Amino acid sequence: MDTTDLFSKQLQEAQKVLQNAYKELQEHFTELVAVNNELRQEIIEHKKIEEALTKSQKRYETLVNSIDGIVWEAEPKTFQFTFVSKQAKRFFGYPLQDWLENPTFWADHIYPEDKEWAVDYCATAVANQKDQDFEYRMITADNRIIWIRDIVTVVVENGQTVKLCGVMLDITKQKQSEEKLSIFQKFIENSNEGMGMV
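Procedures and definitions
- Residues numbered from 1 in each chain as written.
- Predicted model: local features only at pLDDT ≥ 70, side-chain atom pairs only at ≥ 80, totals over all residues.
- Heavy atoms only, no water.
- 1 Å grid on protein atoms, 1.4 Å probe; cavity = no way out; pocket = protein on both sides within 12 Å on 5 of 7 lines; lining within 4 Å.
- Points joined across faces, edges and corners; volume = space filled by probe spheres on them.
- Helix = DSSP H or I, 4+ residues; strand = E, 2+ residues; numbered from the N terminus.
- Nonpolar A, V, L, I, M, F, W, Y, C, P; charged D, E, K, R; others polar.
- Core = buried A, V, L, I, M, F, W, Y, C linked by side-chain atoms within 4.5 Å.
- Buried < 20%, exposed > 50% of the residue type's maximum accessible area, 1.4 Å probe, protein only.
- Pairing = 2+ DSSP bridges.
- Phe/Tyr/Trp six-rings, centres within 6.5 Å; stacked < 30°, edge-to-face > 60°.
- Axes fitted to C-alpha atoms, helices over the stretch in contact; angles between N-to-C directions.
- Contact = heavy atoms within 4.5 Å.

### Focus on empty space enclosed by the protein
Consideration 1: By the definition in use, this model includes 1 cavity of 30 Å³ or more.
Consideration 2: Put simply, the largest cavity is a space of about 80 Å³.
Consideration 3: As for the largest cavity, its lining consists of Trp72, Ala74, Phe79, Phe81, Trp106, Cys122, Phe134, Asp150, Val152, Leu164 and Met168.
Consideration 4: Every element with two or more residues in the lining of the largest cavity is listed here: strand 1 (70-74), strand 4 (145-157) and strand 5 (160-170).
Consideration 5: For the lining of the largest cavity, the residue count by class is 10 nonpolar, no polar and 1 charged.

### Digging into the nonpolar core
Consideration 1: Counting 26 residues, the largest nonpolar core has Phe81, Phe92, Trp99, Trp106, Tyr136 and Met168 as the members making the most contacts within it.
Consideration 2: Per-element accounting of this core gives the leading share, 4 residues, to strand 4.

### Section: the pairing of strand 1
Consideration 1: Burial within strand 1 is extensive, with 4 of its 5 residues counted as buried.
Consideration 2: When strand 1 meets strand 5, the two strands line up antiparallel, connected through 5 bridges. Considered in strand 5, the bridge of tryptophan 72 is made with glycine 166.
Consideration 3: Pairing of strand 1 with strand 2 (residues 81-84) involves 3 bridges; the strand directions are antiparallel. Note that in strand 2 the partner of glutamate 73 across the bridge is phenylalanine 83.

### Considering the packing of aromatic side chains
Think of a pair of aromatic rings as described by two things: how far the centres are apart, and how the planes are tilted against each other in angle.
Consideration 1: One pass over the full model with this rule turns up 10 aromatic pairs.
Consideration 2: Members of the aromatic cluster, joined through ring pairs, are Trp72, Phe81, Phe92, Tyr94, Trp99 and Phe105.

### Structural notes on the sheet that holds strand 4
Consideration 1: As summarised here, the arrangement of the 5 strands in space is 2-1-5-4-3, forming an open sheet in which the pairing is antiparallel. Two strands close off the open sheet at either side, each with one partner strand: strand 2 and strand 3 (132-139). With strand direction ignored, the average angle separating the axes of adjacent strands in the sheet is 25 degrees.
Consideration 2: The sheet strands contacting helix 5 (residues 112-127) are strand 3, strand 4 and strand 5, and the helix crosses strand 3 at an angle near 150 degrees.

### Points about the side chain of arginine 137
Consideration 1: Summarising the element assignment, arginine 137 is placed in strand 3.
Consideration 2: On the basis of relative accessibility, which here comes to 17%, the residue arginine 137 falls in the buried class.

Shape is all these values report; function is a separate question.
Shown next as structure tokens:
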């Protein structure tokens, strides 16, 4: 075999190797394109899920912040707030971060005559894993006293209290109306007694 034939044979073998390598490369490329398309589809689906989640969170926030009350969550052992809705600022005048950063915010702002029994009542109910619905007074940032109805849900998982959720409602106007009605009733009773004496 002369040199030309040898070179021609080696060239053919090299071409065969290159063709096989090219064929394998095309197969890998086709696989990569398929995987890339699958990944692209997963990313699109993931983005859709993220958008739906964001939309749902915004709807939830809008709903929570539209309630004419303070929606809140707190630690069951310390009563430290972990979440308060924006209405807290409107009701009480304190910045939201004060509610979240001060571990004793709730107890510190209960009206002194109500503080001991309200904290004890809540602590006992939480220890017994019982939901609560009670009324007490709190002091606002501008030193007004407002009546609060606090509706508390004790969240229990695997027998353990994991968090408190609730809604505080301002019932000051209702309490003022009740007080005026009571005064009026006493006035009527006293007037009737006075008329009986005449």
